[in-house]
Each structure stands twice: as structure tokens, then as C-alpha cells.
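In case you want the letters, here they are:
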Amino acid sequence: MNITLSDEQLAIAESARAFLDEHGSSARLRAAIESADGWDAEQWRVMAQEMGWLGVAAPERFGGSDLGLVELAILHEEAGRT
């Protein structure tokens, strides 16, 4: 079994890490939680629309990227790291 990440998967990890390093600080999280809405709508918009994270494992016919669970796990790993 080959468990080496592909170039595309490594790119997903690198882009997620860069985004989360810039936008996922503890201070930003606390500010979002303490805001009137309790979350950062702009950050979620960027992750959903620009980064495409919310549809990474969803089939293309439903508007997703149709990548799979490995790519979803990569995003979760990077989010957990942050």
C-alpha cells in the first residue's frame, strides 16, 4: 500500500497551512467567539467559496471538488495543528 501523499495532496496541505497560519490564530478565534455572531463569517466565506474546503469530499455533481476522504483528512489535520 502506498501511503505517500501526491503532489496535489501536498499542495492542499501547504495551502491550508499557509491560510491557517495567517488567519487561524488563537487571538482571532477568541475575537470571533466573543463577537456578536460568535463566529467569523468572512473567514468561513473564504474557506467555503475561495478555498473550496467545505466541498472537498463532495461529488462534483453536488458542487464539490470530488477529491475524497484523504484530502478531507489533510484539511482536518492542518486545522487541528492550528
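These numbers were taken from a predicted model, which means no experiment stands behind them.

### Things to note about the overall build of the protein chain
Secondary structure summary: the protein chain contains four helices and zero strands in total. With respect to the three principal axes, the spread of C-alpha positions in the protein chain is 45 × 30 × 15 Å. Here the protein chain holds 82 residues, and the buried ones make up 24% of them. Long-range contacts, defined here as pairs at least 24 residues apart, represent 50% of the contacts in the protein chain between residues at least 6 apart. Charged side chains in the protein chain number 6 positive and 15 negative. The centres of these two groups are separated by 5 Å.

### Here we look at the pattern of salt bridges
Inspection of the entire model under this criterion finds six salt bridges. Between Glu78 and Arg17 there is a salt bridge, and its shortest N-O distance comes to 2.9 Å. With Glu78 in helix α4 (residues 69-81) and Arg17 in helix α1 (residues 7-23), this pair connects stretches of sequence that are 61 residues apart. Given a relative accessible area of 38%, Arg17 falls into the partly exposed group. Note that Arg28 and Asp40 form a salt bridge whose closest N and O atoms lie 3.1 Å from each other. With Arg28 in helix α2 (residues 26-34) and Asp40 in the loop between α2 and α3 (41-50), this residue pair connects regions lying 12 residues apart in the sequence. Connected through shared salt-bridge partners, Arg17, Asp21, Glu78 and Arg81 make up one network.

### So, the layout of surface pockets
Considered as a void within the structure, the largest pocket measures approximately 490 Å³ in volume. Surrounding the largest pocket, 22 residues form its lining, Leu20, Gln43, Trp44, Met47 and Ala79 being those nearest its centre. When residues of the lining of the largest pocket are traced back to their parent elements, those giving at least two are α1, α2, α3 and α4.

### Points about the environment of Gly55
Here Gly55 is to be found in the loop between α3 and α4. Remark: the alpha-carbon pair of Gly55 and Leu5, spanning 50 residues in sequence, is separated by 20 Å.

### Some remarks on the environment of Ala32
The residue Ala32 is located in helix α2 in this model. Look past the residues within four positions of Ala32 in its chain and what remains in contact with it is Gly38, Trp39 and Asp40.

### Section: a nonpolar patch on the surface
Judged by side-chain polarity, Leu5, Leu10 and Val70 come together as a nonpolar surface patch covering roughly 220 Å² of accessible area. For Val70, the position within the fold is in helix α4.

### Overview of the packing of aromatic side chains
Using the criterion set out here, one finds one aromatic pair in the structure. Ring geometry for Phe19 and Trp53: centres 5.4 Å apart, planes at 80°, overall edge-to-face. One end of the pair, Phe19, is in helix α1; the other, Trp53, is in the loop between α3 and α4, and 34 residues separate them in sequence. Residue classification places Phe19 among the buried positions, given a relative accessible area of 9%.

Criteria and thresholds
Residues numbered from 1 in each chain as written. Predicted model: local features only at pLDDT ≥ 70, side-chain atom pairs only at ≥ 80, totals over all residues. Heavy atoms only, no water. Helix = DSSP H or I, 4+ residues; strand = E, 2+ residues; numbered from the N terminus. Buried < 20%, exposed > 50% of the residue type's maximum accessible area, 1.4 Å probe, protein only. Contact = heavy atoms within 4.5 Å. Lys, Arg positive; Asp, Glu negative; His and termini not counted. Charge placed at Lys NZ, Arg CZ, Asp CG, Glu CD. Salt bridge = Lys/Arg side-chain N within 4 Å of Asp/Glu carboxyl O. 1 Å grid on protein atoms, 1.4 Å probe; cavity = no way out; pocket = protein on both sides within 12 Å on 5 of 7 lines; lining within 4 Å. Points joined across faces, edges and corners; volume = space filled by probe spheres on them. Patch = residues over 30% accessible without salt bridge, like charges linked within 9 Å, V, L, I, M, F, W, Y side chains within 5 Å. Areas by Shrake-Rupley, 256 points an atom, 1.4 Å probe, with all protein chains shown as cover. Phe/Tyr/Trp six-rings, centres within 6.5 Å; stacked < 30°, edge-to-face > 60°.

By themselves, these are just geometric observations and shouldn't be taken as functional.
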